[in-house]
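Read off the chains here:
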Amino acid sequence: MAVLTLALGTGANTAIFGLVNSVLLKSLPVREPERLFFLQDPTREKSDVFGRADFEQIRARNQVFSGVCTFTGGDQMWNASIDGQSEPVRALLVSGEYYDVAGVGAILGRTLSPSDDLPPAGSAVATIGYGFWEKRFARAPGVLGKSVRLNGGSFTIVGVMPPEFFGIWPGRTPDITIPHQAIGVAMPQRTANRNRLGTVVMGRLRPGITQAAAQAGMQTIYRQLLEEAGAKPREISERKLALVPAAHGVAELRLQFSKPLLALMVLVGLLLALACANVANLVMARNSARTREIAVRLAVGAGRGQLIRQLLIESLMLSTLGGIGGVLLAVWTRDLMPAVSLGSRLQLPMQAPIDFSVLAFTMALAIVTGLVFGLAPALRATRLDLTHALKGKGTAAGRSVGKPLMVAQVALSMLLLIGAGLFARSLRNLASVDAGFRRDGVLMFRIDPTLRGYRDARYYALLQGVLDAVASVPGVRSASLSDATLLGGGHAGAYIQVEGQPRDEDRELLVNWVSPAFFETVGMTMVAGRGFTAADQGAAPHVAVINQAMARRYFAGQQPVGRRFRWSDDQPPIEIVGVTRDAKYDDLRSDAAPTFFVPLFAGAWQRAKTVEVLAAGDPAALTSAIRRQVAQVDPDLMLFDVRTLAGQARESMAEERLTAGLSTLLGVLALALALACVGLYGVMAFHTVRRTSEIGVRMALGARPADVIRMVLREAVGVVGLGVAIAVPIALVLGRLAASLLYGVSAWDFRTIAMAAAVMFLSAMGAAWLPARRAAHVDPLVALGYDG
């Protein structure tokens, strides 16, 4: 029982630490990652503010880095065709120095080199990731030299990257990497502006150069670039260049999941402390049965220190076996935990590797655990009244063995149950929040006609063709197109001037281009005016629909329909024809941002678009038929990010699902509760047996079995009450620290605390009932003669 208890506690810590290590602590699997730095402008929100021309100037003037590289496109999905079979892949564009600067080599073939990235067109070669090699080519060594078509352009595979190298952007492992200058092969329409694509610049520090010295040198170069670009003196003085450590890669995944993972580490730490308290109780009970043996050892000359060492070694043996079991449990559960999908952008690697650092953590944890749960029982067991103990009788202190630990068990179990309850209620609140649109019955997918070379009139003609083809599928009630995906981000920003009001230069609005049936398809209700019609399509937007948030900002207490605003000075004014209810487009947690909608066929940016499909039945069942219909429009047009709107909503709650799911697993699915019940039952049974003589006396004096049962249960209630009283204030403090992870529920939530307390009291009653019932039916004559 002790080994199983420790295996559960240690296994949970090992699994979560493996995840924390992989996401938050582990450096990139490259040579000397501590010497890698990103070049970023803190005054800019994005890290990819440099164009290719900027990078080339930085590379030419650099004196502090041994190498500089650039990369972009970690979230781009491209159409790959291999042996006539097409599929979407994640593509990465890099400069030729990328792998040299990163400090990683290929396990098969070679990496890209600077000669592959020479202007004007680079070389049509590519490297592939290990996962893609395994999935698509079954790790066949003959993959080298094989041709793969990316968006219609042919590239030759020259290398396969090692399995541990997931790129510089954790969560965005690329399938295929190509030279930046070769983008024209895959996307001819972007050849002209390839040097203006935003890129992330990374450098490897020269030996002997400090970060401060390097930053000063690069700031000088940055100032020169701004002056040459014609920036104003004030802008030049305000803009700064910072060297950001790149040892852990781009920090997007760490920033998003640091709080949930640290909260989970606290929870599994509580679980392990609960396991230690439980095992300490079991060891105390076992040592109590060895009282006479220990007394004999002390009587014949054994030193107390020797006995303590012996008992600690026994505890360490238990904890080591528990640690081994925990590693096996972590490996087993790892295979049951797929990656948490975060939409098309990121993947949280739930299947974290059990590497040396994780094993070292587990073994250190096992040793500390053995000392923690073994020290108190060892000290208590060797503190004996030899005369009393050699006669085979327990000491007076023996009657109070384990009570403090029982209280600790209850308190720890309460904390776990409260944490699980708060996170589960938070997830439920978020899942049931009114998003302002229908979640069920809608299928979404994205298409990018520009990958097939469609531009201008042909681009819009293809979009209309796809829309008509999808709408003709049996079971489709309506279909629409939009520029930004619901709950997927991507909205453009805009500053407007409402007629009769000064230009608003300080507050940016969101804008989305949508087709006429958009509001009907996604279920965004119009509260005033109308939506779009086919007559609204034109060369430039002349009508708009706004949401309630925008109406409140600019037309408080007034009727917005019929009012006009200008988006830019070179375009005619736009008339507001309708107001739609607020919808949470990007984040279920926050309020809807002021947004206006304009007709998609009136000059929308020519890039990837989202198709929304309202189904009469199960939307996922229409996927195959929709693919066939779209293929009749263009056989090579890829459908990617195919998912239901309900699935998109679930993916937008990835942090909450991770925290609530795993904390509930720890707190509810038998771990915390089972450990508490085992510990409570074991200690209550031990105490009841120790009081057998006392119970015999009580029964001989007329106590009834019901009185004995009430006495034992009353003791259990007292222990649980004290544990609950200790746990609640601690839970309130920890809850306030985790407030940012909660939604629609506070750390002071009485309902959650009351439910956790009720579960603990019921568990204690169940754990104490069997020992109480057994004690109540003991023969008084036998009990009076029992030597406790």
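## Describing the side chain of Thr-521
- Mapped onto the fold, Thr-521 is located in helix α15 (residues 518-522).
- In terms of polar contacts, Thr-521 uses its side chain to reach the side chain of Ser-478, at 2.9 Å.
- Among the polar contacts made by the side chain of Thr-521, one reaches the main-chain carbonyl oxygen of Ala-517 at a distance of 2.7 Å.
- The contact partners of Thr-521, leaving out residues within four places of it in the chain, are Arg-438, Val-442, Ser-478, Ala-479, Ser-480, Glu-612, Val-613 and Leu-614.

## A closer look at a nonpolar patch on the surface
- A contiguous nonpolar surface patch, about 610 Å² in accessible area, is contributed by Val-266, Leu-722, Ile-726, Ile-730, Val-733, Leu-734 and Leu-737.
- For Leu-737, the position within the fold is in helix α22 (residues 705-737).

## Focus: the nonpolar core
- Core analysis: the biggest nonpolar cluster contains 48 residues, and Phe-565, Phe-596, Val-613 and Ile-626 have the highest contact counts within it.
- The element best represented in this core is helix α14 (residues 456-471), accounting for seven residues.
- In this structure, Val-613 is in contact with Gly-441, Val-442, Leu-443, Phe-445, Val-470, Val-476, Ser-478, Thr-521, Leu-622 and Ile-626, ignoring residues within four places of it in sequence.
- Within the second largest apolar cluster, 45 residues are counted, among which are Leu-271, Met-406, Leu-412 and Val-719.

## Looking at the environment of Phe-555
- As for its position among the elements, Phe-555 is in the loop between α16 (548-554) and β20 (564-566).
- In this structure Phe-555 comes out as buried when scored by relative accessible area, which is 2%.
- Setting aside residues no more than four positions away along its own chain, Phe-555 makes contact with Val-498, Ile-546, Met-550, Pro-560, Arg-563 and Ile-576.

## Thoughts on helix α4 (residues 130-137)
- Among the residues making up α4, those that are buried are Tyr-130, Phe-132, Trp-133, Arg-136 and Phe-137. Looking down the long axis of α4, one finds its buried residues gathered within 165 degrees of arc, a one-sided arrangement.
- In the stretch just after α4, Ala-138 is the one whose phi turns positive, near 55 degrees.

## A short note on the pattern of salt bridges
- All chains considered together, the criterion is met by 18 salt bridges.
- Notably, a salt bridge pairs Arg-59 with Glu-97, separated by 2.5 Å at the nearest N-O pair. Residue Arg-59 is found in helix α2 (residues 52-61), and its partner Glu-97 is found in the loop between β3 (85-94) and α3 (98-102); the two are separated by 38 residues along the sequence.
- Residue class for Arg-59 comes out partly exposed when judged on its relative accessible area of 31%.
- Salt bridges sharing common partners tie together Arg-52, Glu-56 and Asp-117.

## Some remarks on the packing of aromatic side chains
- Throughout the structure, instances matching the rule amount to 15 aromatic pairs.
- On the basis of an interplanar angle of 80 degrees and a centroid distance of 6.0 Å, the ring pair of Phe-132 and Phe-137 is categorised as edge-to-face.
- You can call Phe-132 buried: its relative accessible area is 2%.
- An aromatic cluster of three or more residues is present, and its members are Phe-38, Phe-71, Tyr-98, Tyr-99 and Phe-165.

## As for the confidence of the model for the protein chain
- When pLDDT is averaged along the protein chain, the result is 79; 83% of the residues meet or exceed 70.
- Mean pLDDT across the elements of the protein chain bottoms out in strand β11 (residues 340-342) (45) and peaks in strand β5 (residues 125-128) (95).
- Taken as a whole, residues 338-345 scores under 50 in pLDDT and shows 32 contacts with residues more than four places along the chain or in a different chain.
- Under a pLDDT of 50 for its full length, residues 395-401 has, in the predicted model, 17 contacts with residues more than four places off or in other chains.

## Structural notes on the packing of helix α13 (residues 403-431) against α22
- Running from N to C, α13 and α22 point in directions that differ by 50 degrees, and their axes come no closer than 7 Å. Considering their axes alone, α13 and α22 lie oblique with respect to each other. For the pair α13 and α22, the crossing hand works out as right-handed. Touching Lys-403, Met-406, Val-407, Val-410, Ala-411, Met-414, Leu-415 and Ile-418 of α13 are Glu-715, Val-719, Val-720, Leu-722, Gly-723, Val-724, Ile-726, Ala-727, Val-728, Ile-730 and Ala-731, all from α22.

Quick notes on the rules
Residues numbered from 1 in each chain as written. Predicted model: local features only at pLDDT ≥ 70, side-chain atom pairs only at ≥ 80, totals over all residues. Heavy atoms only, no water. Helix = DSSP H or I, 4+ residues; strand = E, 2+ residues; numbered from the N terminus. Polar contact = N/O pair within 3.5 Å; in protein donor to acceptor, adjacent residues only side chain to side chain. Contact = heavy atoms within 4.5 Å. Patch = residues over 30% accessible without salt bridge, like charges linked within 9 Å, V, L, I, M, F, W, Y side chains within 5 Å. Areas by Shrake-Rupley, 256 points an atom, 1.4 Å probe, with all protein chains shown as cover. Salt bridge = Lys/Arg side-chain N within 4 Å of Asp/Glu carboxyl O. Core = buried A, V, L, I, M, F, W, Y, C linked by side-chain atoms within 4.5 Å. Buried < 20%, exposed > 50% of the residue type's maximum accessible area, 1.4 Å probe, protein only. Arc of directions from axis to C-beta. Phe/Tyr/Trp six-rings, centres within 6.5 Å; stacked < 30°, edge-to-face > 60°. pLDDT = per-residue confidence, 0-100. Axes fitted to C-alpha atoms, helices over the stretch in contact; angles between N-to-C directions. Parallel < 35°, antiparallel > 145°, perpendicular 65-115°, else oblique. Left-handed = near helix turned anticlockwise from the far one by under 90°.

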